[in-house]
Amino acid sequence: MKIGIMTGGGDAPGLNGIVEAASRVLIKNNIEVCGILDGFEGIFSRRTKNVTWDSVLGMHSVAGTFLGTSNKSKIAGRAEEFQKSYQALGLDGLIAAGGDGTFKALKELAPNLPLIGVPKTIDNDLQGTDITFGYDTACTVVADAVDALRATANAHHRVMVIETMGRTAGWIALGGGLASYADAILIPERPFSREKLAQFLKDAHDGGKLGMVVVVSEAAKAVGENAIFNENKHSPTGIRFGGIGENLARWIEESTPWEARHVVLGHLQRARPPTTTDRFLTASMGAKAASLVLKKEWNRAVVYRNGLVIDAPLSDLQGEPRTVQPDHRWVKLCESLGIFI
Ligand code: F6P
């Protein structure tokens, strides 16, 4: 048997762990593993890499994906070309670690392909799974940034505004901001009142607080306003969020007694080696994907639900983004800790 393995969409810490864990199980069972390079592009252009025991050993701790990835493949009208390339590669099945875009595209390109899907995104916004790998690492980057920037905020008596990734879901800002007890956390699912935020910051200033840290998700918006984004032809969705951090810092200086600065964490949130939590998750999910291949249980997704790694129909991953419920228990926890949210 020869099984292809590919990574699609934006990279996430832990992708190499999925490839290592799945490959170890498959190779131990005498199955050939064919690494597809650069997501779908590697299938179309038949660019692959033989994954051996030695080549994959230890990859789990490395950031990025050693197979390469792409989040802007043009797939419309290419189903026949895809099927031909897939057959020419001599594959008996495919394990794909990707996001909603990858699974939607695979459904269109090859509806009858023997496929195992593993959900991936630092944004943690995929339906069908309680958590995606890469999310814990992204939250750790945010929490470390809050801890570090609090020192300079206090030293200069400033507000530091930290802009995080996350698209339309506030999970990264919420998880990272909560883990570091940021003073305010602004997420897209809960449009904030500028008036109340200004009052909160003024009160803290007048109460003698040395400095403050505000975490804002890239698509967060004030009540009655739109999220800030630019149209961009390179982006898979046609738009790129960003700019709310700078907007808030300028507004804080105009509306409160504080001086303010902003920091955009950007791709640093995807660039770090995975945390231990993400490593456990990818070891379990990668091995589970391989076990489904061994049992020939195709068109299943490996998901994490109620503390367990299990399998579910692939279609479970294809819904709309899973956003934060405005009254989620983490939101309530923030409120009880006195964090503005
Ligand atoms: O989907 C993950 C994500 O990191 C988003 O949070 C972010 O908006 C986007 O990717 C940026 O992707 P890129 O700059 O690689 O196109």
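Quick caveat, the model's predicted, so the values are computed rather than measured.

A.B. asks: Help me understand the packing of aromatic side chains in this model?
C.D. replies: Centre-to-centre distance and the angle between the planes together describe a pair of aromatic rings. Following the criterion strictly, the structure yields 5 aromatic pairs and no others. When the ring of Phe40 is compared with that of Phe82, the centres are 6.3 Å apart and the planes differ by 70 degrees; the resulting orientation is edge-to-face. In this pair, Phe40 is assigned in helix H2 (residues 40-44) and Phe82 in helix H4 (residues 79-88), connecting sequence segments 42 residues apart. In this structure Phe82 comes out as buried when scored by relative accessible area, which is 0%. Seen in terms of ring centroids, Phe229 and Phe241 are 6.3 Å apart; in terms of plane orientation they differ by 80 degrees. Their pairing is edge-to-face. Of this pair, Phe229 sits in strand E9 (residues 229-231) while Phe241 is found in strand E10 (residues 239-241), placing the two residues 12 residues apart along the sequence.

A.B. asks: Is there a simple way to explain the sheet that holds strand E5 (residues 115-119) in this structure?
C.D. replies: Strand pairing within a sheet occurs via backbone hydrogen bonds; the two strands may be parallel or antiparallel. The strand order across the open sheet built from 7 strands is E3-E2-E1-E4-E5-E12-E13, with neighbouring strands paired in mixed fashion. Edge positions in the open sheet fall to strand E3 (48-51) and strand E13 (308-313), since each of these has one partner strand only. If you compare each strand with its neighbour and ignore which way they point, the axes differ by 25 degrees on average. As judged from the 5 bridges shared by strand E4 (residues 93-98) and E5, these two strands associate in the parallel manner. Considered in E5, the bridge of Gly98 is made with Pro119.

A.B. asks: What should I look at first to understand the site of the ligand in this one?
C.D. replies: Around the ligand, a shell composed of Asn71, Ile122, Asp123, Met165, Gly166, Arg167, Glu218, His267 and Arg270 is seen. A distance of 3.5 Å separates an oxygen atom of the ligand from a polar side-chain atom of Asn71. Within the side chain of His267, an N or O atom sits 2.8 Å from an oxygen atom of the ligand. Protein contacts shield 76% of the accessible area of the ligand, which totals 400 Å² for the unbound molecule. Residue composition of the shell around the ligand, grouped by class: 2 nonpolar, 3 polar and 4 charged.

A.B. asks: What should I look at first to understand the pairing of E5 in this one?
C.D. replies: The two faces of a sheet get side chains in turn, since along a regular strand they alternate between them. Taken across its 5 residues, E5 has 5 buried, putting it largely inside the fold. Taking every second residue as pointing to the same face, both faces of E5 are buried, with Leu115, Gly117 and Pro119 on one and Ile116 and Val118 on the other. In terms of strand pairing, E5 meets strand E12 (residues 300-305) through 2 bridges, oriented parallel. Among the inter-strand pairings, Gly117 is bridged to a residue of E12, identified as Ala301.

A.B. asks: Help me understand the pattern of salt bridges, please; the structure alone is not making it clear to me.
C.D. replies: Two side chains with opposite charge may pair up if their charged atoms get near one another. Under the counting rule described, the total for this entry stands at 18 salt bridges. One salt bridge in this structure joins Glu81 and Arg78, with 3.0 Å as the shortest N-O distance. Using a relative accessible area of 35% as the deciding quantity, one classes Glu81 as partly exposed. Among the ionic pairs, Glu259 bridges to Arg261, the shortest N-O distance being 3.0 Å. Each of Arg158, Arg250, Glu253, Glu259 and Arg261 takes part in salt bridges that share partners, so that together they form one network.

A.B. asks: Which parts of the structure should I look at to understand the environment of Leu210?
C.D. replies: Counting through the fold element by element, Leu210 comes out in the loop between helix H8 (194-206) and strand E8 (212-217). For Leu210, a relative accessible area of 47% translates into the label partly exposed. Residues Leu210 and Ala153, 57 residues apart in the sequence, show an inter-C-alpha distance of 7.5 Å.

A.B. asks: For this particular structure, what's the right way to read the nonpolar core?
C.D. replies: Formed by 56 residues in total, the largest nonpolar core has its most connected members in Leu26, Ile95, Val118, Phe133 and Ile185. The element best represented in this core is helix H6 (residues 135-156), accounting for 8 residues. Each of two domains, domain 1 (2-134 + 274-317) and domain 2 (136-271), supplies a minimum of three residues to this core. In contact with Val118, other than residues within four places in its own chain, are Ile18, Ile95, Ala96, Ala97, Gly98, Phe103, Phe133, Met285, Ala289 and Val302. If you look at the next biggest cluster of nonpolar residues, it comprises 25 residues, including Ile36, Phe40, Ile43 and Tyr86.

Definitions and limits used
Residues numbered from 1 in each chain as written. Predicted model: local features only at pLDDT ≥ 70, side-chain atom pairs only at ≥ 80, totals over all residues. Heavy atoms only, no water. Phe/Tyr/Trp six-rings, centres within 6.5 Å; stacked < 30°, edge-to-face > 60°. Helix = DSSP H or I, 4+ residues; strand = E, 2+ residues; numbered from the N terminus. Buried < 20%, exposed > 50% of the residue type's maximum accessible area, 1.4 Å probe, protein only. Pairing = 2+ DSSP bridges. Axes fitted to C-alpha atoms, helices over the stretch in contact; angles between N-to-C directions. Near = heavy atom within 4 Å. Polar contact = N/O pair within 3.5 Å; in protein donor to acceptor, adjacent residues only side chain to side chain. Areas by Shrake-Rupley, 256 points an atom, 1.4 Å probe, with all protein chains shown as cover. Nonpolar A, V, L, I, M, F, W, Y, C, P; charged D, E, K, R; others polar. Salt bridge = Lys/Arg side-chain N within 4 Å of Asp/Glu carboxyl O. Core = buried A, V, L, I, M, F, W, Y, C linked by side-chain atoms within 4.5 Å. Domains from an automatic or database assignment. Contact = heavy atoms within 4.5 Å.

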